[in-house]
Every structure is written in C-alpha cells, then in structure tokens.
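Working through the structure, step by step
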Amino acid sequence: QQQQHTVLKNPNELETWRVYGIDVDPDTLGVPSLSLSLSSTTTKTKGDDILPTELLYLTPPVLSALVSRLRIKSEPATITPLQRDGSSSSSSISSSNDVDEVEDDTTVLPLLPPQLKDARVVRRSLDARRRKGAPPKYTYVIDITLTKESAQQIRLAHQPGRTERMTTTKKKNKPPKISSGNEINEELESEESTSKSKSNSKPKILIVGAGPAGLFCALSLASSGLFTPILLERGQAVEARGKSIGALINRRDIDPNSNFSFGEGGAGTWSDGKLTTRIGRNSGPVRYVLETLVKYGAPERILVEGAPHLGTDNLVRLLRNMRQDLRAMGGEIHFGARVDKFHIEDGTIKGVDAICTPSRERSRTKKYGEERKESSTTSQEEEEEEETTKTFWGDAVVLATGHSARDVYYELHKSGVELEAKGFAVGFRIEHPQSLINEIQYGKDWGGRVFTRKSSTDTVNKEHFAKNGDSVSHTGTLPVASYRLATNEAWDGTENRGAYSFCQCPGGQIVPSSTEHGELCINGMSFSKRDSIWANSAMVVTVSPDDPILEKYRLTHGTLAGLEFQRDMERKAYDLGGGGMRAPVQRLTDFVNGKVSESESVPSSSYRLGVTSAACHDIYPQPLYNALVHAITHNFDKQMPGFLCDQALLHGVETRTSSPVRVLRDSTTLQASGVDNMFPSGEGAGFAGGIVSAAVDGLLVANAIKTKYVAHDDSPLFNDVDKVSVGFDY
C-alpha cells in the first residue's frame, strides 16, 4: 500500500526491466517452436521483411506466460501494434477482429498489454532436465520497457535472477560495418584519399593463423584505420579447403596444410560451430562477437538461443564475407603460407619466414550481397609452381595458430620463446543413434516429437518410438537432443581425475582431424540443421602438466612432453585401425569390459573412411583407461540411464581438445614473455577454448596493440574480462 502511494519523479519516464525464468510448455507453442519461421497468424509482414529474432520469439503463448508472471490484469483482446523495428505504434487495436485492418507497414504482436511499451526476448533455452518427471520446457528471459508509474503499479521489485532493473550503460561498440564491393568503412574513406606513402606508414601487424582469434584481431585492427593487418594462413581459403577435405574423404589423400584442422576459419569451421563459452554470455566482448558474426551472415537466432551453434555450412558463408571485407579495409590475406621461422633480434620480433604454396582461393566477380560468380585465382601454371620461402617483416606479430600447429611450438621452443606445459584432456569419441539420445533426454513421451525436416532422419526417429511404444500425443516439437556430462571423481586406480563430454554434436558425424600421415585423430561436426541419424561426443579424461603418465615424455621432450604424448597415442590409433585413416572402434559395453568387439556386432558408424574392430582399451595408459571406465559406469550412465549400451560405438582417438602448451605472455601488455612485439593469442597459444573465447582473445590482443601504438585503448569491451586468459584451463 505504501508503495502505491509513493510520489514518483517523472512517472512517465521509461525504464527497462529484465524478467527471468518465464517457462512455456512446448505444446502451447505448437509446430512453430521447431524454427524461427513463425506462421502468418503470429506476425504480419510485408514482402520479404521479417521481424528481428527477439520479436519473432515473442509469440502469443510467450506473451501470455510473461503477463501471467508479471500478474498483469489486462483484457485479452488488447493489442499493441509494433513497427518492424520493434517500436510501438501510436495506434492501438481494441479487438482481435481488427488485426487485418492494420496498415501494411506494421507487424502485429497480439496480447501485448498497455502497461508494456516494448518487450523483447533476450534468451530462449530448452530445459530438458526432467526433474521429478517434469516434461521439457522452453525458458525465456525477456526485457520489458514500461513507465516508472506502470512498474510501480504492477509492483516490480529488483530481485537478482528474477526481475532486474537494467542500468544505463555506455554506448557499446558496434560490429564493423560490412563493406560492399570495393567500398570501405566510413571511418576509412578519408584515408583512401591520402597518399600511398601515408598508407604505407601504418604499422604492419603480421597475424599467424586465420582462425577466430586471428580473424577478429585482423578485423579490429583494420576497422580502426590505423594498422595494416597481414594474415598468414598455412591452409587454404574455405572453398579450396573443402576440396582438400573431399580428397581426404574420397581418396584418403591428406594435405598436411589444408584439412579439417588447418585452413581459413581454423578447426572450428568443420566442427559443430558451437558458440557457447564460459566467459559470460552477456558480457560485452561475447555479445560483440555474436553480433559481428550476424553482420557477416550468421543466422540472427544465435543472439537469442541459449546454446547457439552455427554449423559448418553457415561458417563457410560468413568466412567468405569476412575475408572480402578485411581486404576492402586494407588488410592482406596470404593463404598457403606456413610460418616456419621467427626473426627475433635483441628480444624483439622483427618478422617471420613462411613456406608459401600457391593459393587456390576463389575470387568474387560481384559485389558483396549480390549473387556470386566465382572463379579460381590460380592458373594451371601457378598450381605447378614449387614451394617458395618468403620473409614477411612487420611491426608486431600476433601468434594465433591453432592447437594442431605442433611445428610452431617446436620452432618457438627453438627460438627461445618461453613456453609452459598446461593441462589437457584425451580420450575417444562415442557415437549413439540420435533417436536413442532423444529418448534418454526427452523420454518416450516427448522424444517422438523431435523433427529435423529431413524425411529419412525423421522416419528413423518415428520408427524408434513406435517400436518402443510411444503413445503420448503432443503437438509441440523439440530440436534434436544434446547432452553434457562431467565428473571430478573418475577413479584411475590411484586418484580421481576429471572426465567429461566435449564438443557434443547432435545430428552430426565423426571426421578425421589428422594433420600428418601415419597419425589418426578424430573430431565431430554438424551442419546447421543437425539432421543426421547419429549423435557423437568426445569422452575425455584430464591430464595434468606434472602427470606421472607423461614422465617418460618429459625426460626427452621437457615442456613439449604433452605434444609427444598426443602424437604417440595418434600413431597407436592409426596402426590399430589398419592404416588408410580407418578408425579403430569398439562397442562401449565391450570397452568397459576390456574385450574386442565381434566385427558383426559393431553398429553402423558415420565415419566415412571406414572402421576396424580393435582393442581400443589398450591405446591409453592404464590410469586413463581406468578413469574413463569409472566415469562411464559410475557417473555418466547414472546421469543418462541407457548411455552405456550395445548401440554406443567408441572411436579412437580424440587427443586435441586443447593445447598441451601455453605461450607465456605479460598480463598487462599481452606480449610474449621476453619477446617484445610478439602477441600470443587464442586457443593454440593456450588462452582460449572454443570459437567465441578465441575470437574474444583476438579482440583483446588487438586492443593491446592499439594501446601500444596509439597510447590509448578505444574500446570499453574488456572492463569485465581477465586479461590473463579469457579461455579456460583443465
């Protein structure tokens, strides 16, 4: 009562509140919950225009749940039209029968009560934990805008994690404007008119590696107009890289420098494209990375989904756009340039040597955003040219190689750059039928409502649940089920280790991520639709820097012991598979019992280079095998009953979850310890763990370079980020 009679200053002033934990039953959403393509009864659009994702998700059932949560009493027929940009229209509609009379330039969202001026979905996630038998539910976080008076009337109170008043923040950095054709960003237009000598006076920043860290670092430096970033990528452009991968899959012909691990976009390009991170989904740097990806062609839903992913097909498209824009802003990209020497004089890096092979990049003949017609930039004569060594000189070097670039670590060690051993994890990749994972995660009553829109996959899922007696009728739909498993109590016979699932790929496939002949390492990948009949995940055990199992490797390789251990395990896997990149496999039930599977009992596999039934339990040292078996039998199968089954097929081996070596760097300047102007960055340097955290670290390094050369950091992005490491350790 006292709150209602409080006299407000500026009662009509607008404020934004964030409302958490708005639960919605999938059945109330119906079929549209499968995707963002909502029916015309929910939104009204003109031509090809569509609402932003945060409004597309704002369907009548979601609004109804929001209104119920806020305890707003409003007539059901009240409607507030919203413009396509999300702003409220000055007109209002008092009856649902008037919807068709709204002007064509508005989009109608029913049930928005008059107390709310605006409402936008910030996050949508699927909660399938089924606690106490509860069914799956969609959980929303929604930002609402209303007057102070309305907030008081509905008794909004600041309760962290439930309802929070949003504070006014500084103007955030926007993703770089995408250039069109040969145009450049507005900030750089004036510079184009300056002399060539002035352009050449910009500091040249050599960036080794065109993965997320290298690309985002280069884009940040180029968009500032103050630097000339020069990207050196050992692999090929993404379209040529696809051909190299095709040769590997179809002819078992591995290109050591252009494969599933090396090439434009890094190892994450041919993976699931997960955009989850442990450094804070709503932090400024992470939001900036996601918005930048959307600007270059990623689907807008990644800004809203609780567990966003891109898929290989989306990554290929946006990488091309990034490449074109980087060049339009004055950056250089050299594909087929493998750095093999660092020029360090008196504690300062001056440049690098690169072994260069002809780039097989395709160039665009039309402007960005128009239909593309691509042609090869390499002639037949160029393709026949031999390797050449070229020296690149620069004012600074960003070391943004991935964790598979083992030759770079050896060269750094040889050059006297300080390295330290760090924890990593190794194991196998386990594959289940996706329909089984759907059943384990959603239950028999909901698993049958998973649809991918690929008829063959959906038929398999439907038949699985028909066979298992699915009799519950639902109208809602669910995405393919995923999972995450972890324990710190995986007993190895002497002590507990960490064990966990890694890079889980629902609706995916297993692929070879080897980079050298005679070694076999595998990985998982998914396309954006996640519509295969299999689900796979790495299942790995932690290895500490001082682990006893590394002792014999430390005696001969010192800090690089982890690298040699990885290579040794990959050679064992290659030999067990019988050569030719065939993968050694074992039924999961046989693995835990330490026996080789009968060939006729081995389930089908998505791994296209072939599998061989083998003693995978003999690959790793006994403590790692013990820990993994303990985790599966005592933890994972209890967390997901049915996980340990004859249908689960274990593939060997997964060794490259992260780098076993870190390049030491100063926590303030981010320069390599003892080497001026060298900036280690990303996953390969030991400062990230995934696409987003690597991209954020690339931005962090770019800001450190700006600070060094222009004496100020023009970005407030990193006020809440630890500059020692934005990634994670094991």
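Conventions we followed
Residues numbered from 1 in each chain as written. Predicted model: local features only at pLDDT ≥ 70, side-chain atom pairs only at ≥ 80, totals over all residues. Heavy atoms only, no water. Helix = DSSP H or I, 4+ residues; strand = E, 2+ residues; numbered from the N terminus. Phe/Tyr/Trp six-rings, centres within 6.5 Å; stacked < 30°, edge-to-face > 60°. Buried < 20%, exposed > 50% of the residue type's maximum accessible area, 1.4 Å probe, protein only. Expected span 1.5 Å × (residues − 1). Core = buried A, V, L, I, M, F, W, Y, C linked by side-chain atoms within 4.5 Å. Contact = heavy atoms within 4.5 Å. Pairing = 2+ DSSP bridges. Axes fitted to C-alpha atoms, helices over the stretch in contact; angles between N-to-C directions. Polar contact = N/O pair within 3.5 Å; in protein donor to acceptor, adjacent residues only side chain to side chain.

Remarks on unusual backbone geometry
Looking along the chain, the bond that leaves Gly652 and enters Val653 is cis, with omega of -10°. Summarising the element assignment, Val653 is placed in strand β25 (residues 649-654). Unusually for a residue other than glycine, Arg71 sits at a positive phi of about 60°. You can see Arg71 is positioned in the loop between α3 (60-70) and β2 (79-83). A positive phi angle, near 50°, is found at Cys503, a position not held by glycine. Position of Cys503 relative to the elements: it lies in strand β19 (residues 496-505).

Here's the deal with the packing of aromatic side chains
Under the criterion given, the structure shown has seven aromatic pairs. When the ring of Tyr553 is compared with that of Phe565, the centres are 5.6 Å apart and the planes differ by 85°; the resulting orientation is edge-to-face. A residue pair is termed long-range when its members are at least 10 positions apart, and Tyr553 in helix α16 (residues 551-557) and Phe565 in helix α17 (residues 561-577) qualify at 12 residues. For the pair shown, Tyr553 and Phe565 are each scored as buried. Relative to Tyr625, the ring of Phe591 lies with its centre 5.1 Å away and its plane at 80°, an arrangement referred to as edge-to-face. Of the two residues, Phe591 sits in helix α18 (residues 588-593) while Tyr625 sits in helix α19 (residues 622-639), which places them 34 residues apart along the sequence. The exposure class assigned to Tyr625 is buried, which follows from its relative accessible area of 12%. Taken together, Phe428, Phe591, Tyr620 and Tyr625 form an aromatic cluster joined through their ring pairs.

Quick word on helix α8 (residues 238-251)
Along an α-helix, residues three or four positions apart point the same way, because every turn accommodates 3.6 residues. Under the 1.5 Å per step criterion, the end-to-end length of α8 is 20 Å for 14 residues, consistent within 8% with the ideal 20 Å. When we look at burial in α8, the residues that qualify are Val238, Glu239, Ala240, Arg241, Ser244, Ile245, Ala247, Leu248 and Ile249. The first or second residue beyond α8 is Arg252, which carries a positive phi of 55°.

A short note on the nonpolar core
If you look at the biggest cluster of nonpolar residues, it comprises 144 residues, and the most contacted ones within it are Leu66, Tyr140, Ile142, Ile144, Leu293, Phe565 and Phe591. The biggest single contributor to this core is helix α20 (residues 691-710), with 11 residues. Filtering out sequence-adjacent residues up to four positions away, Ile144 remains in contact with Glu15, Thr16, Trp17, Val19, Leu66, Leu70, Leu116, Asp118, Ala119 and Leu156. The next biggest cluster of nonpolar side chains, apart from the first, holds 30 residues, and it includes Leu419, Ala672, Val675 and Met678.

Points about the sheet that holds strand β24 (residues 611-613)
A sheet is described by the order of its strands in space; here seven strands give the open sequence β18-β19-β22-β17-β25-β23-β24, paired in mixed fashion. Looking at the sheet topology across the chains shown, the edges are occupied by β18 (486-491) and β24. Direction aside, the axes of adjacent strands within the sheet are offset by 35° on average. The pairing of strand β23 (residues 583-587) with β24 spans three bridges and is parallel. Residue pairing for β24: Val585 is matched across the bridge by Ser613. Seen against the sheet, α19 touches β17 (424-433), β18, β19 and β22 (534-543) and runs at an angle of roughly 130° to β18.

Here's the deal with the side chain of Arg656
Structurally, Arg656 can be placed in the loop between β25 and β26 (661-663). Taking the relative accessible area as the measure of exposure, Arg656 reaches 7% and is therefore buried. In terms of polar contacts, Arg656 uses its side chain to reach the side chain of Ser404, at 3.0 Å. Within the structure, the side chain of Arg656 is placed 2.9 Å from the side chain of Glu570, a separation counted as a polar contact. With near-sequence residues (within four places) excluded, Arg656 lies in contact with Ser261, His403, Ser404, Arg406, Ser513, Ser514, Thr515, Glu519, Cys521, Gln566 and Glu570.

A few points about the sheet that holds strand β11 (residues 348-356)
Pairing within the open sheet is antiparallel, and its three strands lie in the order β10-β11-β14. Of all the strands in the sheet, the pair left with one neighbour each is β10 (337-345) and β14 (388-393). Between one strand and the next, the sheet's axes are offset by a mean angle of 25°, whatever the strand orientation. Both β10 and β11 contribute to a ladder of eight bridges, which runs antiparallel. Residue pairing across strands places Glu345 opposite Thr348, the latter belonging to β11.

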